[in-house]
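Listed below, chain by chain, are the residues.
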Amino acid sequence: MTTRRTMLGALAGATLLPAAAFAQTPTSASAGGGEALKDIAKAKGLRFGTAISAGHNQFGNAAYRALVERECGIIVAENEMKWQALEPRRDVNNFGPADALLGWARDKGMEMRGHNLFWQAEKWLPAWVAKEDFGSQPKGGAERLMRKHVQTVCQHFGGAIKSWDVVNEAIDPADGKQRQNALTRAFGGANSGPLDQIDLAFRLAHEYAPHAQLVYNDYMRGDTGSAKHRAGVLAMLAELKKRGTPIHALGLQSHIGSWDESADRGKADLLEWRRFLDQVTGMGYDLLITEFDVNDRRLPADIAKRDAGVAAAARDYLDLTLSYPGLRDFLLWGMADNISWLQTWDEAPRTDKLPMRPLPYDGELRAKPLRAAIADAMRAMPARSGARA
Ligand code: 9MR
């Protein structure tokens, strides 16, 4: 996937726009008119932002960078703070791209979130971790490796990162059970104390980033196809609460839209989503939206109809989700359609193979109806306590 993505990225970069277009900062007209999204959010005590990667068609593109600066009060690295990016080989660290994003955020007065310390799907752990020989007492070996990773990363970024996705995607949506990987297996696999490795991840994050909000981040949705996923996440959060694990919030990735047949029940899915959010907040966890975008694979090819469908789905979801006043951060997974991960996600393409339109700006950085839907939802949501009116 990454190879194909890189290739498509290079093509997009080569053909996207004439160079003159990159020299211009988006005007308020091209940005959808009027107030920046970050300012609409700020007036209600919310931070609005996006993921951005160091790639040439995102951070490397002056026009895209300017759009992010204009619209966003907070960023997150799309890939650059992942373990496999920061330590591609054992004991060989690469902080350059993440530091560049953080330095830019600082210069422009944007906050930056950390994503992520542990991604539980084995596929996304560094390849060398899966091959580690943890010795005759594998649990101790895995604990030492986890400690070294969290210590190195949290000490490197220090107080600059005030919110960390400590554990990402620990629950298997297929059965609602904990995913197993090289680390959980070293802890004894499914027979170990339940959630020992996840508990340790949060305790280490608390030790080395005591100032930070510690987040569990996952992609459960409100539809029936996601029921086991929701149940698994709830069970895990309840168990961690019982153990006193230092975890503060649930990150709602919010990759919404038409993932499968079950995801089209509209209001019924929203009711389930509300029930889920009530249960999470009822346990005392805060919420944040960490990776919002709208998959349009089952919407018509016609662009006006498709963009209207995306905007309507977003508005329904955001009206509900932003109604929780403990939710103080709202981040998209990119700002413009051409750079979205969905363009190259082979598992769920559009059947007509048209490029998706999941984000508030098109590939030429023109605002779409989704931008207006996001602005309107934030204008309509209740203010967070302490917000300046
Ligand atoms: O958008 C990211 C893509 O560029 C990477 O190739 C991929 C693997 O590192 O991760 C994508 O981001 C994912 C995020 O880190 C976790 N939630 C799901 C996101 C979309 O796959």
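Residues numbered from 1 in each chain as written. Predicted model: local features only at pLDDT ≥ 70, side-chain atom pairs only at ≥ 80, totals over all residues. Heavy atoms only, no water.

(A) Highlighting the site of the ligand. The full set close to the ligand counts 15 residues, and E78, K82, H115, E169 and E291 are the nearest of them. Between the ligand and the protein, one listed contact pairs an oxygen atom with a side-chain N or O atom of N79 at 3.1 Å. At a separation of 3.0 Å, an oxygen atom of the ligand approaches a polar side-chain atom of W333. Isolated, the ligand exposes 460 Å² of accessible area, and the fraction of that covered by the protein chains is 93%. Grouping the constituent residues of the shell around the ligand by class yields five nonpolar, five polar and five charged. (Near = heavy atom within 4 Å. Polar contact = N/O pair within 3.5 Å; in protein donor to acceptor, adjacent residues only side chain to side chain. Areas by Shrake-Rupley, 256 points an atom, 1.4 Å probe, with all protein chains shown as cover. Nonpolar A, V, L, I, M, F, W, Y, C, P; charged D, E, K, R; others polar.)

(B) Focus on the side chain of E80. Tracing the backbone shows E80 in the loop between β2 (74–77) and α5 (83–86). Within the local environment of E80, its side chain forms a polar contact with the backbone nitrogen of A54, the two atoms lying 2.6 Å apart. Other than its neighbours up to four places away in sequence, E80 contacts I52, S53, A54, G55, A85, L86, P97, A98 and L101. (Helix = DSSP H or I, 4+ residues; strand = E, 2+ residues; numbered from the N terminus. Contact = heavy atoms within 4.5 Å.)

(C) Fine view of the side chain of N217. Mapped onto the secondary structure, N217 falls in strand β5 (residues 213–218). For N217, the side chain forms a polar contact with the side chain of T290, separated by 2.7 Å. Not counting residues up to four positions away in its chain, the partners in contact with N217 are H115, D165, V167, N168, E169, G251, L252, Q253, T290 and E291.

(D) Structural detail: the pattern of salt bridges. Scanning the model with the defined rule gives 30 salt bridges in all. Here E239 and K242 are joined by a salt bridge, their closest N and O atoms 3.5 Å apart. One end of the pair is E239 and the other is K242, both in helix α11 (residues 227–243) and three residues apart, which spans about a single turn. Take E239: its relative accessible area is 23%, and that puts it in the partly exposed class. The partner of D316 in a salt bridge is K267, and the shortest N-O contact between them spans 3.9 Å. One end of the pair, D316, is in helix α13 (residues 303–321); the other, K267, is in helix α12 (residues 267–282), with 49 residues separating them in the sequence. Overall, the relative accessible area of 59% leaves K267 in the exposed class. Here the salt bridges do not stand alone but share partners, grouping E87, R90, D91, E132 and K148 into one network. (Salt bridge = Lys/Arg side-chain N within 4 Å of Asp/Glu carboxyl O. Buried < 20%, exposed > 50% of the residue type's maximum accessible area, 1.4 Å probe, protein only.)

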